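# Architecture and fold: a report
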Amino acid sequence: FLHGMPKGGDLHTHLSGAVYAERFIAWAAQQNICADPANVLLSKSQCDLPGDVPVADAMHDQHLYDRLVNAFSTRSFVPTVAVPTDHDKFFDAFAKFGDVSGSRFVDMVLDQLRNYHSENVQYVEFMVSFSCGNNRAKFVKAMAGITDDAGRLAALQANGLDECVAEKRDDLAAASEKISNDLACDSQR
């Protein structure tokens, strides 16, 4: 009875923080990504440093699988008076699976929307950040010493902000179309 009831909405949901650690492990294994000894997924497809292991090994190594799940989540956290939340570990985990989450936007949205549908959630707002390659350092440098907002905006625009926004807008439109197609969202449904 309760499972079928509408669940309202999920607001301010950090998309990559909502996806289960197990999904990141599966996607990393599919992409032939490695993990280093600190349980960080690596963007390279080769393991070339001592201790690096293919994430695909986790599919038959329960210890490695558990280690990765624990690194990417707050599984088994029990609050205490001394440590009442696992806030820091939760936010530190984003960097550990970032090289997989960054390339799986559509998969993450589809995964979460299907989960929400199965739980009868009516509305969701995902929080997502988009960036253009290595432009961050260039943008920071362009604004150095400029204190007014109009001047900062002009400096950013002179250094490619408009092109970055246009590129990300196109990427988001293409992703939205793929998501709609995969979920069969059309005027008849």
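We now turn to the structure provided with this report. (Residues numbered from 1 in each chain as written. Predicted model: local features only at pLDDT ≥ 70, side-chain atom pairs only at ≥ 80, totals over all residues. Heavy atoms only, no water.)

## A word on the overall build of the chain
Applied cut-off: Numbering goes from the N terminus for both helices and strands, where a helix is a DSSP run of H or I of at least four residues and a strand is a run of E of at least two. Each residue gets one of three labels from its accessible area relative to the maximum for its type: buried under 20%, exposed over 50%, partly exposed in between, using a 1.4 Å probe on protein chains only. Whether two residues touch is decided by their heavy atoms; if any such pair falls within 4.5 Å, the residues are in contact. Accessibility throughout is a Shrake-Rupley quantity obtained with a 1.4 Å probe, and a residue counts as covered only by protein chains that appear here. Charged residues are defined here as Lys and Arg on the positive side and Asp and Glu on the negative side; His and the ends of the chain fall outside this count. Note on charges: their place is set at NZ of Lys, CZ of Arg, CG of Asp or CD of Glu.
Per the secondary structure count, the chain includes 8 helices and 4 strands. Counting from the amino terminus, helix and strand elements in the chain follow one another as β-α-α-β-β-α-α-α-β-α-α-α. Counting over 189 residues, the chain shows a buried share of 30%. Within the chain, residue pairs in contact and separated by at least 24 positions form 61% of the contacts whose partners lie at least 6 positions apart. Per element, the accessible surface of the chain, about 12,200 Å² overall, is 55% carbon and sulfur. Within the chain, one finds 17 positive and 26 negative side-chain charges whose respective centroids are separated by 1 Å.

## Quick notes on the state of the cysteines
Selection criterion: For this text, the term disulfide refers to a pair of cysteine sulfurs within 2.5 Å.
A complete count under the given rule lists 1 disulfide for this structure. Here C132 connects covalently by a disulfide to C164, the sulfurs 2.0 Å from one another. A torsion of 95° about the S-S bond marks the disulfide between C132 and C164 as right-handed. In this pair, C132 is assigned in the loop between strand 4 (123-127) and helix 6 (135-143) and C164 in helix 8 (residues 161-182), connecting sequence segments 32 residues apart. Both residues of the pair, C132 and C164, count as buried.

## What to know about the packing of aromatic side chains
Keep this limit in mind: Each pair of aromatic rings taken from Phe, Tyr and Trp, with Trp reduced to its six-membered ring, is defined by centres within 6.5 Å and is described as stacked if the planes are under 30 degrees apart, edge-to-face if over 60, and tilted in the remaining cases.
Tallying each qualifying case throughout the model produces 9 aromatic pairs. Relative to W27, the ring of F24 has its centre 5.8 Å away and its plane inclined at 75°; by these criteria the two rings are edge-to-face. In this pair, F24 and W27 are both assigned in helix 2 (residues 21-30), 3 residues apart and thus about one turn of the helix distant. Across the pair, exposure class does not vary: F24 and W27 are buried alike.

## Some remarks on helix 3 (residues 62-72)
Our working definition: The directions from the helix axis to the C-beta atoms are what the arc is built from. Two N or O atoms count as a polar contact when they lie within 3.5 Å, although within protein this holds only if one can serve as hydrogen donor and the other as acceptor, and sequence-adjacent residues are included solely when both atoms are side-chain atoms.
Along helix 3, the residues classified as buried are L64, Y65, L68, V69, A71 and F72. Down the axis of helix 3, the buried side of the element spans an arc of 165°, and every buried residue falls inside it. Across helix 3 from its buried face, at more than 90 degrees, point the exposed residues Q62 and H63. Regarding helix 3, its N-cap is D61, as a side-chain oxygen of that residue lies 3.1 Å from the backbone nitrogen of H63 further along.

## Description of the side chain of N39
Assignment of secondary structure puts N39 in the loop between strand 2 (34-35) and strand 3 (53-54). Exposure remark for N39: the relative accessible area of 11% places this residue in the buried category. Within polar-contact distance, the side chain of N39 engages the side chain of R67 at 2.7 Å. If we ignore the near neighbours within four places in the chain, the residues touching N39 are R67, L68, A71, F72 and K96.

## Description of the packing of helix 5 (residues 105-118) against helix 8
Filter applied, for reference: Helix axes are fitted to C-alpha atoms over the stretch in contact, other axes to C-alpha atoms as well, and angles between N-to-C directions run from 0 to 180 degrees. Here the angle decides the label: under 35 degrees means roughly parallel, over 145 means roughly antiparallel, 65 to 115 means roughly perpendicular, and every other value means oblique. In this scheme the crossing of two helices becomes right-handed for a clockwise turn of the near helix relative to the far one and left-handed for an anticlockwise turn of less than a right angle. All residues other than Ala, Val, Leu, Ile, Met, Phe, Trp, Tyr, Cys, Pro, Asp, Glu, Lys and Arg, Gly among them, are scored as polar; the first ten of these are nonpolar and the last four charged.
Two elements in contact, helix 5 and helix 8, have axes whose closest approach is 10 Å; the angle formed by their N-to-C orientations is 40°. Regarding the angle of helix 5 to helix 8, the classification is oblique. Crossing handedness for the pair helix 5 and helix 8: right-handed. Where helix 5 abuts helix 8, its residues F105, V106, V109, L110, L113 and R114 lie against L172, A175, K178, I179 and D182. Of the residues belonging to the contact of helix 5 with helix 8, the class tally is 8 nonpolar, no polar and 3 charged.

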